[in-house]
Amino acid sequence: MLEKTPAICLKSFHYKESSTIATLFTLDNGLQTCIVKGGRKKSSGVKSSYFQPLQPLEVVLYNSKKSSIHTIKECSIGCDITNATTDIVRTSLVFFISEVIGLSLKEENPSEEMFEFFMYVINTINDTGDTK
């Protein structure tokens with residue numbers, strides 16, 4: 001079944017020649033493991049570069065009850081976090097927070113409060129003043 005939901009990427013890694021596997025925390029389904037087939041090809045509509053730690057996304061995925069890995073059909077950037085990715089201190093903080101979130105979430109239970117809190121943390125990191 002196709003499902004459109006906001007998500008936050010926690011981590012991703014390359015799989016085979018052109019695919020990417022990403023761990024996402026979605027608003028509707030909680031923690032999900034998803035695959036982007038062909039995401040590292042130039043002609044792909046879903047780019048693997050979208051799947052950076054704590055990147056807010058809007059994803060359309062095939063949510064299968066039979067499989068633990070879901071397939072992403074479409075993806076777009078949810079909001080711009082350029083400030084958090086261009087400053088080394090903020091980037092270090094993003095990697096640390098995404099690792100803590102990934103280790104603390106073990107269930108697929110959705111939680112709107114947690115999702116909103118994570119979005120607040122991401123926006124705070126991105127919008128804070130100069131870190132120097």
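No experiment lies behind these values; they were computed from the predicted model shown.

A. Just the environment of Glu 107, in detail. Counting through the fold element by element, Glu 107 comes out in the loop between helix 2 (88–104) and helix 3 (112–127). Between the alpha carbons of Glu 107 and Asn 29 there is a distance of 9.9 Å; along the sequence they are 78 residues apart.

B. Up close: the pattern of salt bridges. Scanning the entire structure with this criterion turns up one salt bridge. A salt bridge links Asp 87 to Arg 90, with the shortest nitrogen-to-oxygen separation between them at 3.7 Å. In terms of burial, Asp 87 and Arg 90 fall into one category: buried.

C. Up close: the pairing of strand 4 (residues 56–62). Most of strand 4 is tucked away, with five of its seven residues classed as buried. Direction of pairing for strand 4 relative to strand 5 (residues 69–77): antiparallel, over a ladder of six bridges. For Glu 58, the partnering residue across the bridge sits in strand 5 and is Ser 76. The hairpin formed by strand 4 and strand 5 contains six residues between the paired strands.

D. The arrangement of helix 3 in detail. In this model, helix 3 (16 residues) spans 22 Å end to end at C-alpha, consistent with the 22 Å of a helix rising 1.5 Å per residue. Looking at the buried residues of helix 3, the elements they touch are strand 1 (2–15), strand 2 (19–26), strand 4, helix 1 (82–86) and helix 2.

E. How the structure looks around the sheet that holds strand 3 (residues 30–36). Pairing within the closed barrel is mixed, and its five strands lie in the order 1-2-3-5-4. Here the strands of the sheet are splayed against their neighbours by 55° on average, with no regard to which way each runs. In the packing of helix 3 onto the sheet, the strands contacted are strand 1, strand 2 and strand 4, and the crossing angle to strand 1 comes to about 60°.

F. Geometry of the packing of aromatic side chains. Applying the stated criterion across every chain yields a total of three aromatic pairs. Seen in terms of ring centroids, Phe 25 and Phe 118 are 5.4 Å apart; in terms of plane orientation they differ by 70°. Their pairing is edge-to-face. On the criterion of sequence distance, the pair formed by Phe 25 in strand 2 and Phe 118 in helix 3 is long-range, its members being 93 residues apart. With respect to burial, Phe 25 and Phe 118 carry one shared label: buried.

G. Summary view of unusual backbone geometry. Within the chain, Lys 16 stands out as a residue other than glycine whose phi angle is a positive 55°. With respect to the secondary-structure elements, Lys 16 resides in the loop between strand 1 and strand 2. Relative accessible area serves as the criterion here: at 67%, Lys 16 is assigned to the exposed category. Even without a glycine there, the phi angle at Leu 54 is positive, about 60°. Assignment of secondary structure puts Leu 54 in the loop between strand 3 and strand 4.

Rules used in this analysis
Residues numbered from 1 in each chain as written. Predicted model: local features only at pLDDT ≥ 70, side-chain atom pairs only at ≥ 80, totals over all residues. Heavy atoms only, no water. Helix = DSSP H or I, 4+ residues; strand = E, 2+ residues; numbered from the N terminus. Salt bridge = Lys/Arg side-chain N within 4 Å of Asp/Glu carboxyl O. Buried < 20%, exposed > 50% of the residue type's maximum accessible area, 1.4 Å probe, protein only. Pairing = 2+ DSSP bridges. Expected span 1.5 Å × (residues − 1). Contact = heavy atoms within 4.5 Å. Axes fitted to C-alpha atoms, helices over the stretch in contact; angles between N-to-C directions. Phe/Tyr/Trp six-rings, centres within 6.5 Å; stacked < 30°, edge-to-face > 60°.

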